[in-house]
Amino acid sequence: MITKPIPYGRQYITEEDIAAVVMTLHSDYLTQGPCIKEFEDAFAQYCQSKYCTLVSNGTAALHLAALALDVKPGDKIITTPITFVASANGFRFCGADITFCDIDPETYLIDLIQLEKTLASVPQGTYKGVVPVDFAGYPIYADRLRKIADKYGLWIVEDACHAPGAWFIDDKGEKNLCGNGKYSDITVFSFHPVKHIATGEGGALTTNNPKLYQRLNLFRTHGTTKDPKLLKQNDGGWYYEMQELGYNYRITDFQVALGIQQLKRLDWSLSRRNEIAKHYNDAFAGIEGIKTPVVAGNIFHAYHLYVIQVDDRKGLYDYLHANNVFAQVHYVLAHLISYYKQFGWKQGDLPVAENYYDHCLSLPMYPTLTEEEQDFVIEKVKAVVK
Ligand SMILES: Cc1ncc(COP(=O)(O)O)c(C=O)c1O
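The model shown is predicted, which means the values in this text are computed figures rather than measured ones.

Quick notes on the rules
- Residues numbered from 1 in each chain as written.
- Predicted model: local features only at pLDDT ≥ 70, side-chain atom pairs only at ≥ 80, totals over all residues.
- Heavy atoms only, no water.
- Helix = DSSP H or I, 4+ residues; strand = E, 2+ residues; numbered from the N terminus.
- Buried < 20%, exposed > 50% of the residue type's maximum accessible area, 1.4 Å probe, protein only.
- Contact = heavy atoms within 4.5 Å.
- Pairing = 2+ DSSP bridges.

Relative to the elements of secondary structure, Leu320 occurs in helix α10 (residues 313–322). Classification of Leu320 by relative accessible area gives buried; the value is 0%. Leu320 sits 57 residues away from Val377 along the chain, and the two C-alpha atoms are 7.9 Å apart. The contact partners of Leu320, leaving out residues within four places of it in the chain, are Val325, Ala327, Leu361, Leu363, Lys380 and Val381.

Most of strand β9 (residues 186–190) is tucked away: five of the five residues are buried. Alternating positions in β9 separate into two faces, Ile186, Val188 and Ser190 on one and Thr187 and Phe189 on the other, with burial throughout. With three bridges joining them, strand β6 (residues 155–159) and β9 adopt parallel strand pairing. Bridging across to β9, Glu158 finds its partner in Thr187. Relative to strand β10 (residues 203–207), β9 runs antiparallel, the two sharing four bridges. Looking across to β10, one finds that Phe189 is bridged to Ala204.

Nothing here speaks to function; it is all geometry.
Here it is as structure tokens:
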């Protein structure tokens, strides 16, 4: 019997997680204590990257990436419309001019063919960077994107907020974990409760570039440093220097105490999500009115979201909600949101993304979703789409 509402995503907090947070609350440090470095080291190791910087949320991470890359007003950058608006906003905070590129109809990620067409249609140097989003947990082929980026002189900030632990096999046959820094200059993650790792609010950036890492840390803490190697003058042990106009984008130790626990369960969470996706796929196989996710054989999907497409999306959304299944739409098209429409974006500009938006619905997907709940969701979907 299903009695409780079923959300599209939710956190999983154990008694051990709570104990870890409480222990930090009893400690000497509520912020800037030992948990931060412990998590940064563990997450860098998990992603196989050299450096990790923890921050207060994923949006702050995107903004920091823009600051570290010295994005200036009027710099042109490209991203996808199928994302949360923060992917674009982080760069808008620095005054960047955002171009939205259409998506691939199978992966729902930025379409590399359309991207190259856009880049080739303007003089070399027009665009400064690209922000691919590993939407739903599907990792971009970052090696292929890197080739395009190098041809046109772009940096890459990969928004992997949906995809910690996802990987793809590159064209050389090597396995590439999201955030390993091999192809992307910076990779950004979010630890919002619906994501794989929950810290309340929280985020991280990984990079292999020591200069960028240094700038990320500088901008995270008011643009200040106490590092004797970086100081231009040094009045004594107390001295700090503000070298850039930075922000306070730090995360607290008690949040990160939770994150450390959650990171230990990331692989379990990923395999649960893949099991649930398989259960949905099997249940919907052969139903013509439901398009299930198409995943290439050389991809490990992180399944932050499980998205289907149906003809009558509103009908299905309303029916599921009436039955306490809180399916969600990801996302309201970024280029047609009123803020971005002021720059001239209009219906018809990105037909593949717009068609996807008309039909998409994210079904409940989180590791503690029980088999009974999955079957309830399946039954309700099948009641509408026969
Ligand atoms: C793709 C994507 N990028 C960025 C963000 C922003 O992350 P946060 O909510 O941690 O600021 C989100 C969060 O929803 C997201 O889904």
